[in-house]
Amino acid sequence: MGKTADQTAVQKAIIDTLKQEGKTQKEISERIGCSQSVVSRHLSGKSVGRKKCGRKRCTTRRGDQTLRKIVEKDRFQTLGDLRKQWTESGVETSRATVYRHVQEMGYRCRIPQVKPLLNQKQWQKQHWTVAQWSKVLFSDESTFCMSFGNQGARVWRKTGERERPKCLKSSVKYPQSVMVWGAMSAAGVGPLCFIKGRVNVASYQEILEHFMLPSAEKLYGDEDFIFQHDLAPAHSAKTTGKWFTDHGITVLNWPANSPDLNPIENLWDIVKRKLRNTRPNTLDELKAAIEASWASITPQQCHRLIASMPRCIEAVISAKGFPTKY
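Overview of the structure. (Residues numbered from 1 in each chain as written. Predicted model: local features only at pLDDT ≥ 70, side-chain atom pairs only at ≥ 80, totals over all residues. Heavy atoms only, no water.)

Right, let's get into the packing of helix α8 (residues 201-220) against helix α10 (residues 238-246). The geometry of α8 relative to α10 is characterised by a closest axis approach of 10 Å and an angle of 25° between their N-to-C directions. Between α8 and α10, the angle is such that the two are roughly parallel. The handedness of the crossing between α8 and α10 comes out as right-handed. When α8 is examined against α10, the residues V201, Y204, Q205, L208, E209, M212 and L213 are found in contact with a partner set consisting of T239, T240, W243 and F244. (Axes fitted to C-alpha atoms, helices over the stretch in contact; angles between N-to-C directions. Helix = DSSP H or I, 4+ residues; strand = E, 2+ residues; numbered from the N terminus. Parallel < 35°, antiparallel > 145°, perpendicular 65-115°, else oblique. Left-handed = near helix turned anticlockwise from the far one by under 90°. Contact = heavy atoms within 4.5 Å.)

Let's shift gears to the packing of aromatic side chains. One pass over the structure, following the stated rule, counts 8 aromatic pairs. Three or more aromatic residues joined by ring pairs form one cluster here, namely W128, W133, F138 and W254. In this structure, K272 packs its charged tip against the face of F144, placed 5.2 Å from the ring centre. (Phe/Tyr/Trp six-rings, centres within 6.5 Å; stacked < 30°, edge-to-face > 60°. Lys NZ or Arg CZ within 6 Å of the ring centre and 35° of its normal.)

On the secondary structure map, H42 appears in helix α3 (residues 36-44). Sequence-wise, H42 and Q7 are 35 residues apart; in three dimensions their C-alpha atoms are separated by 9.0 Å.

It is worth spelling out helix α2 (residues 25-32) at this point. All of the buried residues along α2 are I28, S29 and I32. Projection of α2 onto a plane perpendicular to its axis shows the buried side chains occupying an angular sector of 100°, all on one side. Of the residues in α2, the exposed ones pointing more than 90 degrees away from the buried face are K26, E30 and R31. For α2, the secondary structure elements touched by its buried residues are α1 (9-20) and α3. Just downstream of α2 lies G33, where phi reads positive at about 75°. (Buried < 20%, exposed > 50% of the residue type's maximum accessible area, 1.4 Å probe, protein only. Arc of directions from axis to C-beta.)

On to the packing of helix α4 (residues 61-73) against helix α6 (residues 95-104), then. Orientation of α4 relative to α6, taken along the N-to-C sense of each, is 80°, at an axis distance of 11 Å. The orientation of α4 relative to α6 falls into the category roughly perpendicular. Contacts between α4 and α6 involve D64, L67 and V71 on the former and, on the latter, V98, H101 and V102. The residue inventory of the contact of α4 with α6, partitioned by class, reads 4 nonpolar, 1 polar and 1 charged. (Nonpolar A, V, L, I, M, F, W, Y, C, P; charged D, E, K, R; others polar.)

Core analysis: the largest hydrophobic core is formed by 34 residues, its most contacted members being W133, F138, F144, M184, L267, I290 and W294. Contributing elements (two or more residues each) for this core: β1 (136-145), β2 (177-185), α11 (264-274), α12 (283-295), α13 (299-307) and α14 (309-318). Grouped together as the second largest cluster of nonpolar side chains are 18 residues, W181, Y220, F227 and F244 included. (Core = buried A, V, L, I, M, F, W, Y, C linked by side-chain atoms within 4.5 Å.)

What follows concerns the pattern of salt bridges. Tallied over the entire structure, the rule returns 5 salt bridges. Measuring nitrogen to oxygen at the nearest pair gives 3.3 Å for the salt bridge that ties E223 to K135. Here K135 lies in the loop between α7 (130-133) and β1 and E223 lies in the loop between α8 and β5 (226-228), a separation of 88 residues in the sequence. On the basis of relative accessibility, which here comes to 49%, the residue E223 falls in the partly exposed class. Ionic pairing is found between D246 and K242, a salt bridge with its closest N-O pair at 3.0 Å. With a gap of 4 residues between them, D246 and K242 both fall in helix α10, about one helical turn apart. (Salt bridge = Lys/Arg side-chain N within 4 Å of Asp/Glu carboxyl O.)

Here is the structure:
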């Protein structure tokens, strides 16, 4: 005959209460629907949980701590490397055991996030103040897809309904999209430019002429400013550099591969979050939604982002180029 289930905390409390009321063990067992021996073991203090079944654990707590240290020492080791080092420490196990123990510790084998490191020459603006960063006109391009608003959708379905038509989301291999150029400073945002086709030297200089200069006029007036852009081919071309020289505009020496340092990335994220609830059916509707979201960004939001630049640069220096919370 198999073992009966352990008594719950509620049942144990009922047994204690009935015993205090003067009930006999037989009356208590009939009341809660268990055997009299169960009541007797609980009242005598001999009631313990059932012994665990299955194979005995082959490693000790100290052995598990050793494995944790091995994993923490180098997160890029293979399962075979982990087993080899664990064996050398005196714990003889199989690959399956190593994998199971690593999983129990909360580790999962995932593709690592890539982050280019920054060298010391790229940290030269580390001592700039908020006032100095306020003189910078930041710019960047971003792509918005027609299906962006549907990317975060979830569906309620039961087991076995994965392929049910009403639970499927329509998609296309190459969804319609639009590339947008924008600029911002501590004073607010400038007008958006919707780019047609690829950005080359000629088209980029048209953007500078018809959108960057109006943005600078709106945000700085007659005051001097410093223009920021990344090192895309069209941005770093010699003819583009000559355009800035001819217009008397100072360009910020910006490190390559550092989108985390550009505060306009936060504005793109704000716009995309606002678009999650939209369902544009045409590119014109998508553009209108983008423009409305961009126009809703306040100067106060922009100023807070610029004010965080000294802390952001300091965090990058402290992290030696690795990712930061910014």
